[in-house]
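A look at the structure
Here is what each chain is made of, one letter per residue.
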Amino acid sequence: MSLLTLGRRHRHRTYLLPGLNYDTEAARKEERMQKRREELENNIKTQHFYDWLAIQKEKHPGSGLTTDPVCAICLDQFDQDAQIRGLHCSHAFHTQCLDEWFGRCNEFCPLCHRTIIPGKRPVRARMMERPQPLPIAFMA
């Protein structure tokens, strides 16, 4: 086993807070994922691919939308009765694929990197915000 492999394993290790065990942490993670899936469902409804495609062709005539594109997450083609979620950026993904993608704290479209839910501040941006530093005064 190379040092690079050990580094990757180390980087993806889950560190638990004191008093937690892996079952508790797994339950908390599943709960977070479920809340995010519900948030996605409340903002972007599931629909049939060909219904979504017809609406997109009306909105954007001459845009060259293909009749049998693939889901960029799983790389499978959309069949006639595929359930998809169409994003505001005009990209569509299988419902299950996008639910998993968004449930894992991916805030952006896998293709164009626009926010999946418009107007929502991404989790990472909120986590990285820092309070303004206090002004420093010098005394002589």
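About the thresholds
Residues numbered from 1 in each chain as written. Predicted model: local features only at pLDDT ≥ 70, side-chain atom pairs only at ≥ 80, totals over all residues. Heavy atoms only, no water. Helix = DSSP H or I, 4+ residues; strand = E, 2+ residues; numbered from the N terminus. Buried < 20%, exposed > 50% of the residue type's maximum accessible area, 1.4 Å probe, protein only. Contact = heavy atoms within 4.5 Å. Areas by Shrake-Rupley, 256 points an atom, 1.4 Å probe, with all protein chains shown as cover. Disulfide = S-S within 2.5 Å. Axes fitted to C-alpha atoms, helices over the stretch in contact; angles between N-to-C directions. Parallel < 35°, antiparallel > 145°, perpendicular 65-115°, else oblique. Left-handed = near helix turned anticlockwise from the far one by under 90°. Nonpolar A, V, L, I, M, F, W, Y, C, P; charged D, E, K, R; others polar. Phe/Tyr/Trp six-rings, centres within 6.5 Å; stacked < 30°, edge-to-face > 60°. Lys NZ or Arg CZ within 6 Å of the ring centre and 35° of its normal.

Taking an unreviewed UniProt entry as the reference, the chain is identified by name as RING-type domain-containing protein belonging to Epicoccum nigrum.

With that out of the way, let us pick up the overall build of the chain. Each helix and strand counted, the chain has five helices and three strands in total. Starting at the N terminus and ending at the C terminus, the chain contains elements arranged as α-α-β-α-β-β-α-α. When each of the 140 residues of the chain is scored for burial, the buried share is 24%. Sequence separation of at least 24 residues holds for 42% of the intrachain contacts in the chain that already meet a minimum separation of 6. When the accessible area of the chain is evaluated, it comes to approximately 10700 Å², of which 55% is carbon and sulfur surface.

Next up on the list: the state of the cysteines. Applying the stated rule across the entire model yields zero disulfides. Distance from the sulfur of C97, which forms no disulfide, to the nearest cysteine sulfur (C74) is 3.7 Å.

Now for the packing of helix α2 (residues 22-43) against helix α4 (residues 95-103). Where α2 contacts α4, the axes come no closer than 8 Å and their chain directions differ by 125°. Judged on the interaxial angle alone, α4 and α2 are oblique. In the crossing of α2 with α4, the sense of the turn from one axis to the other is right-handed. Note on element contacts: α4 touches α2 through L98, D99, E100, F102 and G103, opposite M33, R36, R37, E39 and L40. Broken down by class, the residue content of the contact of α2 with α4 amounts to four nonpolar, one polar and five charged.

Let us look at the packing of aromatic side chains. Going through the model one piece at a time under the given rule, you end up with three aromatic pairs. Ring centres 4.7 Å apart and planes at 20° place the aromatic pair F49 and F78 in the stacked group. Here F78 lies in the loop between α3 (49-59) and β2 (83-86) and F49 lies in helix α3, a separation of 29 residues in the sequence. Using a relative accessible area of 4% as the deciding quantity, one classes F78 as buried. What links up through ring pairs into an aromatic cluster is the set F49, Y50, W52 and F78. When the ring centre of F102 is taken as origin, the NZ or CZ atom of R36, which lies over that ring, is 4.0 Å away.

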